[in-house]
Amino acid sequence: MARPSFAIGPVRVRAGSKQDVGLPITRLVTGAELSLPVQVMHGREDGPTVWVNAAIHGDEVVGVEIVRRVLAGLSPKTLHGTLIAVPIVNVHGFMAGDRYLPDRRDLNRSFPGSPRGSLAGRIAHLMMTEVVAPCEVGIDLHTGSDGRTNLPQVRADLDDPKTLALAEAFGAPVMLHAKLRDGSLRSAARETGATVLLYEAGEPWRFDEWAITAGVVGVRRVLAALGMTDPVDLAEEPSLPCRTSGWVRARATGILHLEVGLGRRVGQGERLGALSDSFGRTLRLVRADRDGIVIGHSRSPLVNRGDALVHIASA
């Protein structure tokens, strides 16, 4: 017996096929309709329903490329289950070159949203009802915020056995136990019973190849672990589980000379760099405040006192 078709928005996708769908968001001042771009790949064989999304923040282009490459390597004729891909959630921000929405709201603090709320709330509601609702598992792709870069890492509830198993399957260098943030997609999706992984890697507005490659392979590993695709090679080294993390902050205003990179293991008190004035005189040394691994750092050479410089995760 043929697998039933999959309904999303105004269309139904036949088993063994894929279809692009534009879910209406709003109209622009020109009168043109703005839509949420979605591709549904509805496998011929039964299996889980999974979503993968990127660019909840409009400057996070790494995830957009990850989604493109993942889709290019799959076929609905051999896929077990259904994959819903949303390469760009914050369409307004992506087109305007802005992390946020036109009203300056952070979309990832607006879930689960409302059909009659703000623009952010309506996009969040559309994402929840059309994409998240039918899914058991989701992968939310992110990069560092403005002026920062991140080591490939999965952030998830490592106390949940199913989530932990999928985080381990992803195979990023680090998996960080992360509390849920009110208003985030991960928090709202967990309320529906979905298992959610959040992937962080790279920096805004850059196609960091190392971040893209790790994300593509990680998503493919998760799909394989769910039985949706053929097995994929496991990571050469298991993910390092970390329970806590924190930023080392600038203790003076100056020019940052960073001496450590992403993935570096550091010890408490170890020198990470220095802050100098414009003549090169050292103002302050930057030292690790804990043992751990560098999972993120500032890319800006000019810093003010209190600015976040180096993100260290600890077991």
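Structural data are supplied above this passage.
A. Expanded view of the overall build of the protein. When helices and strands are counted, the protein shows 6 helices and 19 strands. The C-alpha radius of gyration computed for the protein amounts to 21 Å, which stays within 12% of the reference 20 Å derived for 315 residues, consistent with globular compactness. Here the C-alpha coordinates of the protein stretch approximately 75 × 50 × 30 Å along the principal axes. Within the protein, counting contacts between residues at least 6 apart in sequence, those at least 24 apart form 68% of the total. If you sum the accessible surface of the protein, you get close to 14,300 Å²; carbon and sulfur atoms cover 49% of it. Here the protein contributes 37 positively and 34 negatively charged side chains, and the mean placements of these two sets differ by 3 Å.

B. Broad picture of the sheet that holds strand 16 (residues 282-287). The antiparallel open sheet is built from 4 strands, whose spatial order is 16-15-13-18. Strands with a single pairing partner mark the edges of an open sheet, and in this sheet they are strand 16 and strand 18 (302-303). As paired strands, strand 13 (residues 254-258) and strand 15 (residues 271-276) are joined by 4 bridges and run antiparallel to one another. Pairing of Leu258 across the sheet is with Gly273, part of strand 15.

C. View of the pairing of strand 7 (residues 137-142). Summarising burial for strand 7: 6 of the 6 residues are buried, a large majority. Residues Val137, Ile139 and Leu141 of strand 7 are buried on one face, and the alternating residues Gly138, Asp140 and His142, pointing to the opposite face, are buried as well. Here strand 5 (residues 45-53) pairs with strand 7 via 4 bridges, running parallel. Residue pairing across strands places Asn53 opposite Asp140, the latter belonging to strand 7. Alignment of strand 7 against strand 10 (residues 195-202), held across 6 bridges, turns out to be parallel. When the sheet's bridge partners are listed, Val137 is paired in strand 10 with Thr195.

D. Representation of the packing of helix 1 (residues 61-72) against helix 6 (residues 209-225) within the structure. Where helix 1 meets helix 6, the closest approach of the two axes is 9 Å, and the angle between their N-to-C directions is 45°. Put simply, helix 1 runs oblique to helix 6. In terms of crossing hand, the pair formed by helix 1 and helix 6 is right-handed. Contacts from Val62, Glu65, Ile66, Arg69 and Val70 of helix 1 reach helix 6 at Glu209, Ala211, Ile212, Thr213, Gly215, Val216, Val219, Arg220 and Leu223. Of the residues in the contact of helix 1 with helix 6, the class split is 8 nonpolar, 2 polar and 4 charged.

E. Spotlight on the layout of surface pockets. Taken as a whole, the largest pocket spans an internal volume of roughly 760 Å³. In this structure, the largest pocket is lined by 29 residues; those nearest its centre are Arg109, Arg155, Arg181, Leu198 and Glu200. Of all elements in the fold, only strand 8 (148-156), strand 9 (174-177), strand 10 and strand 12 (244-249) reach the threshold of two or more residues within the lining of the largest pocket. Here the lining of the largest pocket gets 4 residues from one element, more than from any other, and that element is strand 12. Looking at side-chain class alone, the lining of the largest pocket contains 5 nonpolar, 13 polar and 11 charged residues. Within this model, the second largest pocket holds a volume of roughly 200 Å³. Around the second largest pocket sit Gly73, Leu74, Ser75, Thr78, Leu79, His80, Arg220, Met228, Thr229, Asp230 and Val232, which together line it.

Conventions used here
Residues numbered from 1 in each chain as written. Predicted model: local features only at pLDDT ≥ 70, side-chain atom pairs only at ≥ 80, totals over all residues. Heavy atoms only, no water. Helix = DSSP H or I, 4+ residues; strand = E, 2+ residues; numbered from the N terminus. Rg over C-alpha atoms; globule rule 2.2 N^0.38 Å. Contact = heavy atoms within 4.5 Å. Areas by Shrake-Rupley, 256 points an atom, 1.4 Å probe, with all protein chains shown as cover. Lys, Arg positive; Asp, Glu negative; His and termini not counted. Charge placed at Lys NZ, Arg CZ, Asp CG, Glu CD. Pairing = 2+ DSSP bridges. Buried < 20%, exposed > 50% of the residue type's maximum accessible area, 1.4 Å probe, protein only. Axes fitted to C-alpha atoms, helices over the stretch in contact; angles between N-to-C directions. Parallel < 35°, antiparallel > 145°, perpendicular 65-115°, else oblique. Left-handed = near helix turned anticlockwise from the far one by under 90°. Nonpolar A, V, L, I, M, F, W, Y, C, P; charged D, E, K, R; others polar. 1 Å grid on protein atoms, 1.4 Å probe; cavity = no way out; pocket = protein on both sides within 12 Å on 5 of 7 lines; lining within 4 Å. Points joined across faces, edges and corners; volume = space filled by probe spheres on them.

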